[in-house]
Structure formats: C-alpha cells, structure tokens
Amino acid sequence: MSNTQKVNMAIAYKGISLSDLAKAIGTSVQNLSQKMKRDSLSTAELQQIAVALGGTYVFGFEFPDGTKV
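The text that follows walks through the structure, step by step, so that each part is easy to find. What you are looking at is a predicted structure, and each value in this text was computed from that prediction instead of being measured. (Residues numbered from 1 in each chain as written. Predicted model: local features only at pLDDT ≥ 70, side-chain atom pairs only at ≥ 80, totals over all residues. Heavy atoms only, no water.)

1. Considerations on the packing of helix α2 (residues 18-25) against helix α4 (residues 43-52)
Here α2 crosses α4 at 105 degrees, and the two axes come no closer than 9 Å. Relative to α4, α2 is oriented roughly perpendicular. Residue-level inspection shows Leu21, Ala24 and Ile25 of α2 in contact with α4, the latter providing Gln48, Ile49 and Ala52. A per-class count over the contact of α2 with α4 returns five nonpolar, one polar and no charged. (Axes fitted to C-alpha atoms, helices over the stretch in contact; angles between N-to-C directions. Helix = DSSP H or I, 4+ residues; strand = E, 2+ residues; numbered from the N terminus. Parallel < 35°, antiparallel > 145°, perpendicular 65-115°, else oblique. Contact = heavy atoms within 4.5 Å. Nonpolar A, V, L, I, M, F, W, Y, C, P; charged D, E, K, R; others polar.)

2. Structural notes on the environment of threonine 67
Mapping threonine 67 onto the fold places it in the segment after α4. In this structure the C-alpha to C-alpha distance between threonine 67 and glutamine 34, which are 33 residues apart in sequence, comes to 35 Å. Within polar-contact distance, the side chain of threonine 67 engages the side chain of aspartate 65 at 2.8 Å. (Polar contact = N/O pair within 3.5 Å; in protein donor to acceptor, adjacent residues only side chain to side chain.)

3. Focus on unusual backbone geometry
One non-glycine residue, aspartate 39, adopts positive backbone phi at about 50 degrees. Mapping aspartate 39 onto the fold places it in the loop between α3 (29-38) and α4. Take aspartate 39: its relative accessible area is 35%, and that puts it in the partly exposed class. (Buried < 20%, exposed > 50% of the residue type's maximum accessible area, 1.4 Å probe, protein only.)

4. With respect to the pattern of salt bridges
In this structure the tally under the stated criterion is one salt bridge. In this structure, lysine 35 and glutamate 45 form a salt bridge, with 2.6 Å as the shortest nitrogen-oxygen distance. Of this pair, lysine 35 sits in helix α3 while glutamate 45 sits in helix α4; the two residues are 10 residues apart in sequence, bridging distant segments of the chain. Neither lysine 35 nor glutamate 45 differs from the other in exposure class; each is buried. (Salt bridge = Lys/Arg side-chain N within 4 Å of Asp/Glu carboxyl O.)

5. Let's talk about α4
Within α4 the residues assigned to the buried category are Glu45, Leu46, Ile49 and Ala50. In an axial view of α4, the angular spread of the buried residues amounts to 140 degrees, which keeps them on one side of the axis. Those residues of α4 that are exposed and angled more than 90 degrees off the buried face are Ala44 and Val51. On its buried face, α4 is in contact with α1 (3-14), α2 and α3. A positive phi of about 80 degrees marks glycine 54, the residue just after α4. (Arc of directions from axis to C-beta.)

Shape descriptors only; they carry no functional weight alone.
Pasting the structure below:
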C-alpha cells in the first residue's frame, strides 16, 4: 500500500478533508495534493501528518520470526 493510500485512509478515518489536513500541517492543498499524486511524501511529512491527525507514523520491517527492524 502506498503512503498516499495510507494518508487517504487516515483522513477518511478522522473525517477531515485534504484541505483541512493541508492547513493543519501548514502547507497549501495544492502542494499536498501534488506530493500525494506523486507519492513523494517524506518520512518527516508523514510524521507531521500523523501528529496533525492525532496519531503516530510507524515505518519498519517485520519478519515472520517476529524480528522488527
């Protein structure tokens, strides 16, 4: 699943618009929309989005034996 899909699911879950999210993270809706269209959101931006939505952004690898990297 792409980061854009995850962001879209998160804003749907929180019941806010892309415009509301852009405002919450201090960017324009056009800028956010373009980054999402290209799926080029940085880890820092994803963390900022998570905070704005009241959550946390988690990235990592998990292996069948339970090892997480």
